[in-house]
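# Structural features, examined
Read off the chains here:
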Amino acid sequence: DAGFEKGTSKKHGRSKCKQKTIIYFYLPVPPLQQTLNMYLKCTSHLITEEQLKKTKAIVEKFGAPGGMGEFLQKKLLERSEHTANWVYDYWLEDMYLSNRLALPVNSSPVMVFPKQNFRSQSDTLRFAAHLISGVLEYKSLIDGRALPVDYARGQLAGTPLCMDQYNKVFTSYRLPGPKTDTLVAQKSTVMPEPEHIIVACKNQFFVLDVVINFRRLNEKDLYTQLERIRKMSDIEEERLPPIGLLTSDDRTQWAEARSMLIKDSTNRDSIDMIERCLCLVCLDEPSGTELTDTNRALLMLHGGGTDKNGGNRWYDKPMQFVIGADGSCGVVCEHSPFEGIVLVQCTEYLLRYMRGSPSKLVRAASMSELPAPRQLHWKCSADIQTFLTSSADKLQRLVKNLDMNVSKFTGYGKEFIKKQKMSPDAYVQVALQFTFYRCHGCLVPTYESASIRRFQEGRVDNIRSSTPEALAFVKAMDVEKMELLWTAIKAQTNYTILAITGMAIDNHLLGLREIAKELKLEKPELFSDTTYATSIHFILSTSQVPTTEEMFCCYGPVVPNGYGACYNPQTDHIIFCVSSFCDSAETSSDLFVKTLEGCLKEMQDLCTKCNTEAKPKLLFTFVFEKVSSFAF
């Protein structure tokens, strides 16, 4: 199912599908004191004693009876009674829409497909036609509410997950604004306009209708149209400036350029066609680089810059399928409408579809005549040319600045970790803390995304992996204390459960901050305190993105002096995608990966050495009271 109706109860909403009705509970508001206590625990070991003393006083004042905290908590509870998900709008704006950074590298994750071996242009177009056919099949499942319901894996496995995000995969668009963007969702009508995708080829954009005369194009027709597009793109006198580069710029700059573009009706019509398309298919030119895992990841993240395929994109669309003539393929995802698991589910479906259903380029029912695809045209004033020059320059700087290392750790995988009776995710998170400590001699605020799709309209909260228990372990590692590893794993597991059950601190603190702003109150001291700014400066931004197909996910750092660390645990190996920025003297992706491999080996040796001794039982205990009052 991919659609929901709000239930009559204030505590849950319903999801209707053909077989059954599933109830999704509304996101709870954690107890105020619990969040404040956890906030102090999560930050105490990351700041100085002097700063901690000051922060404790601020927190105590905020949480005092009759204080500002109680007032804001009451308002938040009132909000939760009238909305299915009290944090969704706050979270969406804070995490994505108000962020002014450029989408490539800074925001948009990518999924890198297995390298393809295209021997000719026909192979490339055949692959593209087959992929588009799979996209249309998948969209029909979403439209027909025929997708099977996702169920939670890992901690508290088996809980049905809200499917609302799937509705946004092919119907959303991120509209740039001067101060904040808007996530636009198309609404279906009784008689929708013919559906189309946009094909980008040699920095030009073409409209490919996939439904003509109420009939969906078959694979042979799609191939024919793609072949036409390829020939049209070869006509040099028809080539226009690479307008797609504008979408790679920072959001305020792109919003200004877009406002200027749409003053002309030709540009307005072209932008409208792109904004209303199902997705983009980007037919890239050969990159001229060795297609290592790292280089393919870079090509997906930014297209290789203006001298390669950097202008062959339109970053505001949620799904851009990239098909390189040299076999470098994948998906670029605008992240605001949905999470990584939705991207994984969609792309895994497509890879299975393409492997399981042979390419169908001969079909008797094919339409004999097809209207030619249409090239989108642009009128570029001198001001637009200036914007393009600026956008191109900034993209080139971003390309040169990204330090990426994609590595396959083959020492062991999740099977070994499970044999230690440990959560693979918790184990890897502790390893990342260990690695950072080895590299930098300290721990820092860490972000690990945790799905809260157990609740209606749920997106994510943060697992704060940089725990005091992790610090104790990494400091003691030299004397190999197994007990502290178990304690760190248990702390990570407990915080994971806090997050997925709606009881973590980051969304709650965000809600308290934003409701104060909404009520036009003076910013509470808790949120102007240095500790709060430090606590949300996530130098280590991490995410587990497991796949069942041969592919991997990666993204850039979220702060200038930080790391992005995405990992994909498999049975006998773990894929790590570590990113940082070259201009930061504090970071090095290569050093981090090399150190990580050593730390994983040390942890394996520790486990192996101690595995004949009695292990403490890993109790998945809750670290907060009253959680049993929430049913799932």
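- By the naming in an unreviewed UniProt entry, the chain is Choline O-acetyltransferase, taken from Sinocyclocheilus grahami.
- Its UniProt record gives the chain the following Sequence similarities (unreviewed entry) comment, quoted word for word: "Belongs to the carnitine/choline acetyltransferase family."
- According to its UniProt record, the chain has this under Catalytic activity (unreviewed entry): "choline + acetyl-CoA = acetylcholine + CoA".

## Quick notes on the UniProt feature "active site" (unreviewed entry) in the chain
- As recorded in UniProt, the sites labelled "active site" (unreviewed entry) are His335.
- Among the structural elements, His335 can be located in the loop between strand 13 (329-333) and helix 10 (340-356).
- Since its relative accessible area comes to 14%, His335 is described here as buried.
- Ignoring anything within four residues of it in the chain, the contact list for His335 reads Tyr96, Ser107, Pro109, Gly340 and Arg459.
- Within the structure, the side chain of His335 is placed 2.9 Å from the backbone oxygen of Phe338, a separation counted as a polar contact.

## Description of the packing of aromatic side chains
- Taken as a whole and assessed by the stated rule, the structure comprises 17 aromatic pairs.
- Ring geometry for Trp254 and Trp314: centres 5.7 Å apart, planes at 85°, overall edge-to-face. Placement of the pair is Trp254 in helix 7 (residues 251-261) and Trp314 in the loop between helix 9 (293-302) and strand 12 (319-324), with a sequence separation of 60 residues.
- Judged by relative accessible area, which is 0%, Trp254 ranks as buried.
- Judged by its relative accessible area of 0%, Trp314 is buried.
- Measuring from ring centre to ring centre gives 4.6 Å for Tyr563 and Phe592, while their planes differ by 40°; the resulting arrangement is tilted. Of the two residues, Tyr563 is situated in strand 20 (residues 563-569) and Phe592 in helix 19 (residues 589-610); the sequence distance between them amounts to 29 residues.
- The buried category is assigned to Phe592, whose relative accessible area is 0%.
- Aromatic ring contacts, followed pair by pair, group Phe205, Trp254, Trp314 and Trp378 into a single cluster.

## Quick notes on the pairing of strand 7 (residues 196-201)
- Most of strand 7 sits out of view: 6 of its 6 residues are buried.
- Both faces of strand 7 are covered, namely the face carrying His196, Ile198 and Ala200 and the face carrying Ile197, Val199 and Cys201.
- Note that strand 7 and strand 8 (residues 204-209) share 6 bridges and pair antiparallel. Bridge pairing in strand 8 places Cys201 opposite Gln204.
- Between strand 7 and strand 8, which follow one another and run antiparallel, lie 2 residues, and Lys202 among them has a positive phi close to 55°.
- For strand 7 and strand 11 (residues 280-284), the ladder comprises 4 bridges, and the chain directions are parallel. For Val199, the partnering residue across the bridge sits in strand 11 and is Val281.

## Focus: the confidence of the model for the chain
- Across the chain, the average pLDDT comes to 91, with 90% of residues at 70 or higher.
- This stretch, residues 1-10, has a pLDDT under 50; its non-local contacts, to residues over four places away or in other chains, come to 40 contacts.
- Counting contacts from residues 362-366, a segment whose pLDDT is below 50, to residues more than four positions away or on other chains yields 9 contacts.

## A short note on the packing of helix 13 (residues 424-440) against helix 19
- Contact pair helix 13 / helix 19: the axes reach a minimum separation of 8 Å and the direction vectors enclose 120°. Relative to helix 19, the element helix 13 is oriented oblique. Here helix 13 runs over helix 19; the crossing is right-handed. Residues Tyr427, Val430, Ala431, Leu432, Phe434, Thr435, Phe436, Arg438 and Cys439 of helix 13 lie in contact with helix 19, whose contacting residues are Leu591, Phe592, Thr595, Leu596, Cys599, Leu600, Glu602, Met603, Gln604 and Cys607.
- Of the residues that constitute the contact of helix 13 with helix 19, the class distribution is 14 nonpolar, 3 polar and 2 charged.

## What about the sheet that holds strand 21 (residues 574-581)?
- Here we have 6 strands laid out as an open sheet, ordered 15-21-20-18-16-17, and mixed in their pairing. The open sheet terminates on both sides in strands that have one partner only, identified here as strand 15 (402-409) and strand 17 (460-463). With strand direction ignored, the average angle separating the axes of adjacent strands in the sheet is 20°.
- By the bridge criterion, 6 bridges tie strand 20 to strand 21 in an arrangement that is antiparallel. Bridging across to strand 21, Ala565 finds its partner in Val578.
- The strands touched by helix 11 (residues 382-401) are strand 15 and strand 21; relative to strand 15, the strand with the most contacts, the crossing angle is about 40°.
- Contacts from helix 19 reach strand 15, strand 18 (540-544), strand 20 and strand 21 within the one sheet, and its direction differs from that of strand 15 by about 25°.

The rules we used
Residues numbered from 1 in each chain as written. Predicted model: local features only at pLDDT ≥ 70, side-chain atom pairs only at ≥ 80, totals over all residues. Heavy atoms only, no water. UniProt positions renumbered as here; feature names shortened; annotations may be inferred. Helix = DSSP H or I, 4+ residues; strand = E, 2+ residues; numbered from the N terminus. Buried < 20%, exposed > 50% of the residue type's maximum accessible area, 1.4 Å probe, protein only. Contact = heavy atoms within 4.5 Å. Polar contact = N/O pair within 3.5 Å; in protein donor to acceptor, adjacent residues only side chain to side chain. Phe/Tyr/Trp six-rings, centres within 6.5 Å; stacked < 30°, edge-to-face > 60°. Pairing = 2+ DSSP bridges. pLDDT = per-residue confidence, 0-100. Axes fitted to C-alpha atoms, helices over the stretch in contact; angles between N-to-C directions. Parallel < 35°, antiparallel > 145°, perpendicular 65-115°, else oblique. Left-handed = near helix turned anticlockwise from the far one by under 90°. Nonpolar A, V, L, I, M, F, W, Y, C, P; charged D, E, K, R; others polar.

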